[in-house]
Amino acid sequence: MKGKRFTTEQIIRILKESEVTEKNTDICRKYGIAEQTFYNWKNKYGAMDISEAIRLKVLEDENRKLKRLVADLSLDNQVLKDLLGKNF
């Protein structure tokens, strides 16, 4: 799978630039992206500033870490329940 070509900050700058220009196809051609990609970016980052996007990334990373922590604790909890349920 290909890596990301544009950072979140670059995406937001491209979207801000598209508000100034008349045609989105010109923006897509200029940066070498598909129109579908442009509209996906617009749905995800449309009304954001760069600071909000950075904050979103930090929150997503924190959420990912917390989900991993909950999964590990749930697994540990299940193992302990299985051990206590067995008759020795």
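Here is a short report on the structure shown in this document. (Residues numbered from 1 in each chain as written. Predicted model: local features only at pLDDT ≥ 70, side-chain atom pairs only at ≥ 80, totals over all residues. Heavy atoms only, no water.)

### Things to note about the nonpolar core
The following threshold applies: By nonpolar core is meant a set of buried Ala, Val, Leu, Ile, Met, Phe, Trp, Tyr and Cys residues that side-chain atoms within 4.5 Å join together. Throughout, exposure labels follow a simple rule: accessible area from a 1.4 Å probe, protein chains only, divided by the maximum for the residue type, with under 20% read as buried, over 50% as exposed, and the rest as partly exposed. Each helix corresponds to a stretch of at least 4 residues labelled H or I by DSSP, and each strand to a stretch of at least 2 residues labelled E; elements are numbered beginning at the N terminus. Only heavy atoms matter for contacts: two residues are in contact if any of them lie within 4.5 Å across the pair.
F6, I11, L15, I33, F38, W41 and Y45 are the most contacted members of the largest nonpolar core, which has 13 residues in total. Of all the secondary-structure elements, those providing two or more residues to this core are α1 (8-20), α2 (24-31) and α3 (35-45). Ignoring sequence-local partners within four residues, the contact set of L15 consists of F38, W41, K42, Y45 and G46.

### Description of the packing of aromatic side chains
Spelled out, the test is: The rule is short: rings of Phe, Tyr and Trp, with Trp giving its six-membered ring, pair when the centres are within 6.5 Å, and they are stacked under 30 degrees, edge-to-face over 60, tilted in between.
Evaluated as defined, the whole model comprises three aromatic pairs. On the numbers, 5.4 Å between centres and 80 degrees between planes, the contact of F6 with W41 is edge-to-face. Placement of F6 in the segment before α1 and of W41 in helix α3 is noted, with a sequence separation of 35 residues between them. With a relative accessible area of 16%, F6 lands in the buried category. Every member of this aromatic cluster is reached through a ring pair, and the members are F6, Y31 and W41.

### Considering the packing of α1 against α2
This is how it is decided: Simply put, an axis is a line fit to the C-alpha atoms, just over the touching stretch for a helix, and the angle between two N-to-C directions goes from 0 to 180 degrees. Crossings are sorted by hand: turned counterclockwise from the far helix by less than a right angle, the near helix makes the crossing left-handed, and turned clockwise it makes it right-handed. Each residue is assigned to one class: nonpolar for Ala, Val, Leu, Ile, Met, Phe, Trp, Tyr, Cys and Pro, charged for Asp, Glu, Lys and Arg, and polar for all the others, Gly among them.
α2 packs onto α1 with a crossing angle of 145 degrees between their chain directions and a minimal axis gap of 9 Å. Where α1 crosses over α2, the two elements pack in a sense that is right-handed. Along its contact with α1, which presents I14, E17 and S18, the element α2 presents N24, I27, K30 and Y31. Class assignment of the residues belonging to the contact of α1 with α2 gives a composition of three nonpolar, two polar and two charged.

### Things to note about the pattern of salt bridges
Inclusion rule: Put simply, a salt bridge is a Lys or Arg side-chain nitrogen that is within 4 Å of an Asp or Glu carboxyl oxygen.
Per the counting criterion, the structure on display carries four salt bridges. One salt bridge in this structure joins E17 and K30, with 2.8 Å as the shortest N-O distance. Of the two residues, E17 sits in helix α1 while K30 sits in helix α2, which places them 13 residues apart along the sequence. For E17, a relative accessible area of 23% translates into the label partly exposed.

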